[in-house]
Amino acid sequence: MKTPTILVAEELLNEAEQHNPGAWIDHSKIAAICAKAIAERCDNLDADTAYVFGLLHDIGRRKGVTDMRHIIDGYHFMTSHGYDDCARICLTHSFPYKDILSYNGQNDCTAEEIGFIKSFIENIECDDYDKLIQLCDALALPDGATYIEKRLVDVVMRRGFNNLTIPKWRAFLDLKDYFDKKTGTDIYTLIGV
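Since the model is a prediction, treat every value here as computed from it, not as a measurement. (Residues numbered from 1 in each chain as written. Predicted model: local features only at pLDDT ≥ 70, side-chain atom pairs only at ≥ 80, totals over all residues. Heavy atoms only, no water.)

Participant: How should the overall build of the protein chain be read in this particular structure?
Facilitator: Looking only at helices and strands, the protein chain features 10 helices and two strands. Put simply, the protein chain runs from its N terminus to its C terminus through helices and strands in the order α-α-α-α-α-α-α-β-β-α-α-α. In terms of overall size, the protein chain behaves like a compact globule, its C-alpha atoms giving a radius of gyration of 15 Å where 193 residues would be expected to give roughly 16 Å. The principal-axis extent of the C-alpha atoms belonging to the protein chain is close to 45 × 40 × 30 Å. Looking at the protein chain alone, contacts between residues at least 24 apart form 73% of all its contacts between residues at least 6 apart. Just so you have it, the protein chain exposes about 8,800 Å², and 51% of that area is on carbon and sulfur atoms. (Helix = DSSP H or I, 4+ residues; strand = E, 2+ residues; numbered from the N terminus. Rg over C-alpha atoms; globule rule 2.2 N^0.38 Å. Contact = heavy atoms within 4.5 Å. Areas by Shrake-Rupley, 256 points an atom, 1.4 Å probe, with all protein chains shown as cover.)

Have a look at this one:
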């Protein structure tokens, strides 16, 4: 896999915080902790890799306060460092429901970027790392892990509701069920909710 070490990932996140401090930093750290705890119970996932992906899934926010743009900025930042697997996570983490219109928030990307994101998410087969970070993104508030329903409502309260919000919520709940089965337990017990 083309991923940084934990030390390098932490350095990248710390450097990003200097460019754009905010709650997204703590959210990313919580997502990483959740990803590691769940991955430790999955025989096909490496816990350190999952932790790195959790830390860096929102790294595109380093460029400033943006909305959908953070996923393409993260993708380009990670590919520029040769971390293609992290770049993939930057694009897939917001789309457990594979439709660009399911994004909660403003579309602040160019037409070319929208076309790239749309094609990427429609044509990729999500692996368990993609799925895990999608789930952990929905479990992580800046002040700690939470129930998925609470996080989903939090996002809608800040970013709005659209015609695909309910199918996207179902996709998140399906991910929880998937990882409950993979780990043989309720993942909430693993992340301390």
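Participant: Is there a simple way to explain the layout of surface pockets in this structure?
Facilitator: One water molecule sets the probe size; rolling that probe over the atoms shows where empty space is left. Computed from the structure, the largest pocket encloses a volume of approximately 590 Å³. D58, R61, R151, R158 and R159 are, among the 31 residues lining the largest pocket, the residues nearest its centre. Contributing elements (two or more residues each) for the lining of the largest pocket: helix 2 (23–39), helix 8 (148–159) and helix 9 (165–183). Each residue belonging to the lining of the largest pocket can be placed in one class, and the counts come to 14 nonpolar, nine polar and eight charged. (1 Å grid on protein atoms, 1.4 Å probe; cavity = no way out; pocket = protein on both sides within 12 Å on 5 of 7 lines; lining within 4 Å. Points joined across faces, edges and corners; volume = space filled by probe spheres on them. Nonpolar A, V, L, I, M, F, W, Y, C, P; charged D, E, K, R; others polar.)

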